[in-house]
Amino acid sequence: MKNKYEVVVIGGGIIGCSIAYYLAKSQIEVALFEGGQIGMKTTKAAAGMLGAHSESDGDFSLFFPFARSSQLEYNRLKDELYELSGVDIGYRTGGILKLAYTEEDKLNLDLLLKQPTVKWVNHEKVKLMEPGISNDVLGGAYIADDVNVIPTKTCEAFAKSAQVLGASIFENSNVYGIEKNGSNYIVKSAKGNVEAKYIVVATGVYSNNLLQNLGITEKLSPVKGESIIVHHEKPLLQHTLFHDKSYIVPRNNRKLVIGATMIQDDWSDSISLQSVESLIKKAKVLLPSSANWKIDSFTTGLRPTTFDGHPFIGRLPEEERIFIACGHFRNGILLAPATGKMIRDLILNKEVKQEWIDAFRIDRRQTVMV
Ligand SMILES: Cc1cc2nc3c(=O)[nH]c(=O)nc-3n(C[C@H](O)[C@H](O)[C@H](O)COP(=O)(O)OP(=O)(O)OC[C@H]3O[C@@H](n4cnc5c(N)ncnc54)[C@H](O)[C@@H]3O)c2cc1C
């Protein structure tokens, strides 16, 4: 380990690894400090949907353009990361079928269906696409572009590609403090102290101590999510099925993810029988034949959540060279490329859309109240 780097990124989940990748790609000397192992916290629990459309929830003016730019970036990244790292991110086409079982469900899809990249498919077409879907389905919004990836592989690919491009990555290197040192900063880690000109805090839901250390009063809170992983020999599903925030995602590794619970303010990593029961119940509503599937494993993770559901991405108001990138809630895998690029561009003083700076700044709560 050197004693000085241009940029130190703290946190080796999908967000920190993407940031390290884009910085290294721009020939910036970057070191990433991860308290445990790369991608083994919330990132590991994600289903991996790149749901720019399906997660927009009617927010087509702010969330969608940012998310869509990130989703489109993956088209290129999947090959670029493979060439650099040899890691296949498991990019899987097929898209999402957002299903409607009632007229109210159908009405809720109205805004989504106004997007040119989304089309309505009726009952007959849905049954042709996925014959196993329950007979009472009315139809669905089909989003071919909402593909999926394998989160741990994607995170690993970002990290390894960043290393190939010159980044240093330190695992088991918890950062417990940041101090000012003249015009630079000292990062205090379990592996020793290093100096940095710029710092990026990308510690997901675990950011509160460092934020407090930096004098920031905003806090991240967890929304715990539990999922069931199913292993299969022959394909069970071609498309991701999605209804009322529940989903079944077929992956490129002979596994399916049935997810996920949404439990507010639960910091534990346990998985309850009640949650498993509710996931199985919802899966059977989507696809009655799922009752016969064989369970492979269970996962759990904490979605990092901010007061308004949007991430914090940008520089700290009082410290021009400290950046924050956390709070990506249900969409960190989707938003990783756009976040990495935005932080890189801010550090390089390149142009970043003003509406994204305003929407994601950490002091926006005060701005709104003025
Ligand atoms: C059940 C579930 C399903 C999901 N499905 C999807 C999906 O389909 N699509 C999607 O886009 N998103 C999904 N998400 C959301 C996504 O997982 C998160 O938004 C994303 O993983 C957040 O990434 P992160 O890098 O900010 O956090 P993390 O992955 O938690 O990474 C933060 C890292 O920082 C490290 N760290 C913390 N403190 C320190 C410190 N002091 N020093 C050094 N290191 C530190 C931690 O060890 C950790 O590795 C899902 C989440 C859950 C729980």
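Predicted model only: the values in this text are computed from it and were never measured. In every chain, residue numbers begin from 1 and rise along the written sequence. Since the coordinates come from a predicted model, pLDDT governs what is reported: local features require at least 70, and pairs of side-chain atoms require 80 or more to be given and counted, while whole-chain, interface and lining totals use all residues. Water and hydrogen atoms play no part in the side-chain values, which are based on all heavy atoms of the structure.

## A look at the overall build of the protein
Helix and strand counts for the protein come out as 12 helices and 17 strands. As defined in this context, the radius of gyration uses C-alpha atoms, and a globule is described by 2.2 Å times the residue total to the power 0.38. Over its C-alpha trace the protein gives a radius of gyration of 21 Å, about what one expects of a compact globule, namely 21 Å for 370 residues. By its C-alpha atoms, the protein is 70 × 45 × 40 Å across when sized along the principal axes. The buried share of the protein, taken over its 370 residues, is 57%. The contact criterion used throughout is that any non-hydrogen atoms of two residues lie within 4.5 Å. A fraction of 72% describes how many contacts in the protein between residues 6 or more apart in sequence connect residues 24 or more apart. Helix numbering and strand numbering both begin at the N terminus, where a helix is a DSSP run of H or I of at least 4 residues and a strand a DSSP run of E of at least 2. Exposure categories follow from relative accessible area, calculated using a 1.4 Å probe and restricted to protein chains: below 20% of the type maximum is buried, above 50% is exposed, and the middle band is partly exposed.

## What to know about the packing of helix 1 (residues 14–25) against helix 10 (residues 332–347)
Axis definition: a line fitted to C-alpha atoms, limited for helices to the stretch in contact. Angles are taken between N-to-C directions and run from 0 to 180 degrees. For the pair helix 1 and helix 10, interaxial distance at closest approach is 8 Å and the crossing angle is 45 degrees. Viewed along their axes, helix 1 and helix 10 adopt a mutual orientation that is oblique. Of the two possible hands of crossing, helix 1 and helix 10 adopt the one that is right-handed. Across from Ile14, Ile15, Ser18, Ile19, Tyr22 and Leu23 in helix 1, the residues of helix 10 making contact are Gly332, Ile333, Ala336, Pro337, Thr339, Gly340, Lys341, Ile343, Arg344 and Ile347. Note on angle classes: values under 35 degrees are labelled roughly parallel, values over 145 roughly antiparallel, values of 65 to 115 roughly perpendicular, and the remainder oblique. Crossing handedness is defined as follows: a turn of the near helix away from the far one that is anticlockwise and smaller than a right angle gives a left-handed crossing, while the clockwise case is right-handed.

## Considering the domain arrangement of the protein
The start and end points of each domain follow an automatic or database-based domain assignment. You can read the domains of the protein as domain 1 (4–86 + 151–219 + 307–369) and domain 2 (96–146 + 221–305). Placing a centre on the C-alpha atoms of domain 1 and another on those of domain 2 gives a separation of 28 Å. Counting from both sides, the interface comprises 27 residues of domain 1 and, opposite them, 30 residues of domain 2. Summed over both partners, the accessible area (1.4 Å probe) lost when two parts come together is defined as the buried area. Taking both partners together, domain 1 and domain 2 bury about 2400 Å²; carbon and sulfur atoms supply 60% of that area. Within this document, salt bridges are pairs made up of a side-chain nitrogen of Lys or Arg and a carboxyl oxygen of Asp or Glu, the two lying within 4 Å of each other. Seen at the junction of domain 1 and domain 2, the total is 2 salt bridges. Note that Arg68 is salt-bridged to Asp145, the shortest N-O span being 3.0 Å.

## Side note on the site of the ligand
Neighbouring residues of the ligand: 38 residues in total, closest Glu34, Thr43, Val175, Arg330 and Leu334. Any pair of nitrogen or oxygen atoms within 3.5 Å is treated as a polar contact; in protein, a donor-acceptor pairing is required on top of that, and neighbouring residues in sequence qualify only through side-chain atoms on both sides. Within the backbone of Ile14, one N or O atom sits 3.3 Å away from an oxygen atom of the ligand. Between the ligand and Met49, the relevant distance is 2.9 Å, taken from an oxygen atom to a main-chain nitrogen or oxygen of the residue. Note that accessible areas follow from Shrake-Rupley with a 1.4 Å probe, and for residues the cover is restricted to the protein chains shown. In isolation the ligand offers 1000 Å² of accessible surface; the protein chains occlude 96% of this area. For the shell around the ligand, the elements supplying multiple residues, two or more each, are helix 1, helix 2 (42–45), strand 10 (221–231), strand 15 (295–305) and helix 10. Each of domain 1 (4–86 + 151–219 + 307–369) and domain 2 (96–146 + 221–305) contributes no fewer than three residues to the shell around the ligand. Here, proximity means that at least one heavy atom of the residue falls within 4 Å of the molecule or strand.

## A closer look at unusual backbone geometry
For the bond running from Gly259 to Ala260, omega is -25 degrees, close enough to zero to count as cis. Within the secondary structure, Ala260 is located in the loop between strand 13 (255–259) and strand 14 (263–264). Not every positive phi belongs to a glycine, and Gln27 is a case in point at roughly 60 degrees. With respect to the helices, strands and loops of the structure, Gln27 is situated in the loop between helix 1 and strand 2 (30–33).

## Considerations on the packing of aromatic side chains
Aromatic ring pairs are defined here through the distance separating the ring centres and the angle between the ring planes. Each pair of aromatic rings taken from Phe, Tyr and Trp, with Trp reduced to its six-membered ring, is defined by centres within 6.5 Å and is described as stacked if the planes are under 30 degrees apart, edge-to-face if over 60, and tilted in the remaining cases. Applying the stated criterion to the full structure yields 10 aromatic pairs. For the ring pair Phe33 and Phe170, a centre distance of 5.1 Å and an interplane angle of 40 degrees mean the geometry is tilted. Pair noted here: Phe33 is in strand 2 and Phe170 is in strand 6 (residues 168–170), with a separation of 137 residues, a long-range link. Here Phe33 matches Phe170 in class, with each residue buried. Through successive ring pairs, a cluster of aromatic residues spans Tyr5, Phe33 and Phe170. When the ring centre of Tyr5 is taken as origin, the NZ or CZ atom of Lys2, which lies over that ring, is 5.7 Å away. Both a distance and an angle decide whether a charge sits over a ring: NZ of Lys or CZ of Arg must be within 6 Å of the ring centre and within 35 degrees of the ring normal. In this structure, Arg321 packs its charged tip against the face of Tyr198, placed 6.0 Å from the ring centre.

## Considering empty space enclosed by the protein
Empty space left among the atoms is revealed by rolling a probe the size of a water molecule over them. For each structure, a 1 Å grid was placed over the protein atoms alone; sets of points admitting a 1.4 Å probe that cannot get out are labelled cavities, open sets with protein on both sides within 12 Å along at least five of seven lines are labelled pockets, and lining residues have an atom within 4 Å of a point. Grid points are joined across faces, edges and corners, and a volume is the space filled by probe spheres set on the points. Taken as a whole and assessed by the stated rule, the structure comprises 1 cavity of 30 Å³ or more. Taken as a whole, the largest cavity holds about 30 Å³ of empty space. Put simply, the parts of the chain that give the lining of the largest cavity at least two residues each are strand 12 (246–250), strand 13 and helix 9 (273–286). With 4 residues, the top contributor of residues to the lining of the largest cavity is helix 9.

## Some details on the pattern of salt bridges
Across all of its chains, the model carries 21 salt bridges by this definition. With a shortest N-O distance of 2.2 Å, Glu29 and Lys2 are connected by a salt bridge. Of this pair, Glu29 sits in the loop between helix 1 and strand 2 while Lys2 is found in the segment before strand 1 (4–10), placing the two residues 27 residues apart along the sequence. Residue classification places Glu29 among the partly exposed residues on the basis of a relative accessible area of 32%. One salt bridge in this structure joins Asp296 and Lys255, with 3.9 Å as the shortest N-O distance. A residue pair is termed long-range when its members are at least 10 positions apart, and Asp296 in strand 15 and Lys255 in strand 13 qualify at 41 residues.

## Some points on the nonpolar core
Buried Ala, Val, Leu, Ile, Met, Phe, Trp, Tyr and Cys residues form a nonpolar core when they are joined through side-chain atoms within 4.5 Å. Counting residues in hydrophobic clusters, the biggest one holds 73 residues, and the most contacted among them are Val7, Val9, Ile19, Tyr74 and Phe158. Structurally, this core is a two-domain feature, drawing no fewer than three residues from each of domain 1 (4–86 + 151–219 + 307–369) and domain 2 (96–146 + 221–305). Listed in part, the 27 residues of the second largest apolar core include Ala31, Val201, Leu211 and Leu302.

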